Amino acid sequence: MSQAVGRRPRVSRPLQDRVAQIGVWPPRAAQQAEALAALEQGEVVHLPRLAFPLLEGEESLLDPSLCDGRSKNISFDPSTGRIGGLKTDELRALLVRRLMERFSAWSLATARQLLPAYAGALQLARTSLRPCDVENRAISPRKDDRRLHVDAFPANPVQGRRILRLFANVDPQGRPRVWNVGEPFEPFATRFLPRAGRPAPGAAGLLQALKLTKGRRTAYDHAMLRLHDLAKEDGVYQETALKRRVAFDSGATWLVFTDAALHAALEGRNVLEQTFLLPIGAMADPAMSPLKILERLTGRTLLP
Ligand code: SIN
Ligand code: FE
């Protein structure tokens with residue numbers, strides 16, 4: 001198979017290389033190229049020295065009692081300004097909004113600076129504030145992000161677009177966010193695809209008509225949701241899968257395509273997160289996208 005010059009070969013690197021550390025900021029062309037290649041290979045790009053600065057008074061917002069108890073996170077939709085999952089007084093709600101707006105803008109600027117090749121194509125999706133201990137979320141296996149998984153959105157089909165997420169640990173007590181990072185996407189998908197099944201005829205139309213999904217859940221979205229659920233529900237996989245423990249210190253930022261990188265959040269609190277969607281045409285190598293990998297493995301087209 002021919003490879004464009006300067007592009008990394010499509011072989012997966014060993015697990016100890018699943019995190020690419022970039023210690024220079026602002027990034028120069030070499031770091032930008034390294035970050036892009038690492039992300040498209042399914043690795044985490046770790047910026048240990050790039051901190052999102054909190055303003056005075058914002059530490060008081062890093063408080064688990066602000067969560068409404070039903071949602072995993074406090075979320076913000078930059079396109080509508082809507083905040084979800086928050087339970088607090090009006091003043092603190094205003095401060096939360098200001099924090100989320102500022103973080104969202106900072107994240108977009110950071111992602112564009114690190115990944116100029118994606119700059120014009122990045123679509124801003126949800127912003128989240130995660131003030132709760134990961135360890136204390138008692139939930140069903142499917143909702144348990146302490147289990148290795150790839151991300152897929154039940155209500156918001158991405159229709160083939162990539163899910164790129166930027167995280168910043170802003171914990172004032174200096175606790176790290178600890179993750180497990182797992183194997184590359186292709187062996188993972190090869191393992192679980194035979195059990196993924198196909199969407200029931202008419203199901204996507206019904207979900208959309210009932211407004212249970214925003215837009216159509218494509219065959220690709222169905223497959224990704226099934227991979228997410230199958231991985232989390234498989235106790236043997238969770239026990240035996242290759243994984244590497246990674247700590248992201250307070251004051252660090254990291255980015256990853258969470259639709260392809262197996263990940264699990266084990267410890268820590270007070271993380272801010274920004275989600276971007278990226279059309280695969282903006283990738284240096286769209287063949288590395290989960291869409292193209294799944295289409296190759298199934299021999300089917302997964303978008304209408
Ligand atoms: C996840 O995306 O599964 C959780 C990541 C985190 O909150 O650290
Ligand atoms: Fe996740």
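As a reminder, the structure under discussion sits directly above these lines.
Predicted model, so just to flag it, every value in this text is computed and none were measured.

Undergrad: Help me understand the coordination of the iron ion (ligand 2), please; the structure alone is not making it clear to me.
TA: Ideal donor angles around a metal are set by the shape: a four-donor tetrahedron calls for 109.5 degrees, a six-donor octahedron for 90 or 180 degrees. Within the protein, the atoms that donate to the iron ion (ligand 2) are His149 (NE2), Asp151 (OD) and His263 (NE2), at distances of 2.1 to 2.2 Å. Site description for the iron ion (ligand 2): donor spacing in sequence, H-x1-D-x111-H. With respect to class, His149 is no different from Asp151; both count as buried.

Undergrad: What am I meant to see in the nonpolar core here?
TA: Note on soluble globular proteins: their nonpolar side chains tend to be buried together. Membership of the largest hydrophobic core comes to 73 residues, with the highest contact counts inside it found for Leu115, Phe185, Phe188, Leu227 and Leu294. With sequence-adjacent residues up to four places away left out, Leu294 is seen in contact with Phe185, Ala189, Leu193, Tyr220, Ala223, Met224, Leu227 and Leu302. By size, the runner-up hydrophobic cluster in this structure holds 13 residues, among which are Val134, Phe167, Phe248 and Val256.

Undergrad: How do you make sense of helix H2 (residues 90-114) when you look at a structure like this?
TA: One turn of the α-helix equals 3.6 residues, which is why residues spaced by three or four share an orientation. Along its 25 residues, H2 runs 36 Å from first to last C-alpha, staying within 8% of the 36 Å computed at 1.5 Å per residue. Those residues of H2 not exposed but buried are Val96, Leu99, Met100, Phe103, Ser104, Trp106, Ser107, Leu108, Thr110, Ala111 and Leu114. Measuring from the backbone nitrogen of Leu91 back to the side-chain oxygen at the start of H2 gives 3.2 Å, which picks out Asp89 as the cap.

Undergrad: What should I look at first to understand the site of ligand 1 in this one?
TA: What surrounds ligand 1 is the set Arg130, Asp145, His149, Asp151, Arg165, Phe167, Arg177, Trp179, His263 and Ala265. Compared with its free state, where it exposes 260 Å², ligand 1 has 99% of that area covered by protein. For the shell around ligand 1, the elements supplying multiple residues, two or more each, are strand S6 (162-169), strand S7 (177-182) and strand S10 (263-267). Residue classes in the shell around ligand 1 are distributed as 3 nonpolar, 2 polar and 5 charged.

Calculation notes
Residues numbered from 1 in each chain as written. Chains lettered and ligands numbered in written order. Predicted model: local features only at pLDDT ≥ 70, side-chain atom pairs only at ≥ 80, totals over all residues. Heavy atoms only, no water. Donors = N, O, S within 2.8 Å, 3.2 Å for Na, K, Ca; no water. Buried < 20%, exposed > 50% of the residue type's maximum accessible area, 1.4 Å probe, protein only. Core = buried A, V, L, I, M, F, W, Y, C linked by side-chain atoms within 4.5 Å. Contact = heavy atoms within 4.5 Å. Helix = DSSP H or I, 4+ residues; strand = E, 2+ residues; numbered from the N terminus. Expected span 1.5 Å × (residues − 1). Polar contact = N/O pair within 3.5 Å; in protein donor to acceptor, adjacent residues only side chain to side chain. Near = heavy atom within 4 Å. Areas by Shrake-Rupley, 256 points an atom, 1.4 Å probe, with all protein chains shown as cover. Nonpolar A, V, L, I, M, F, W, Y, C, P; charged D, E, K, R; others polar.

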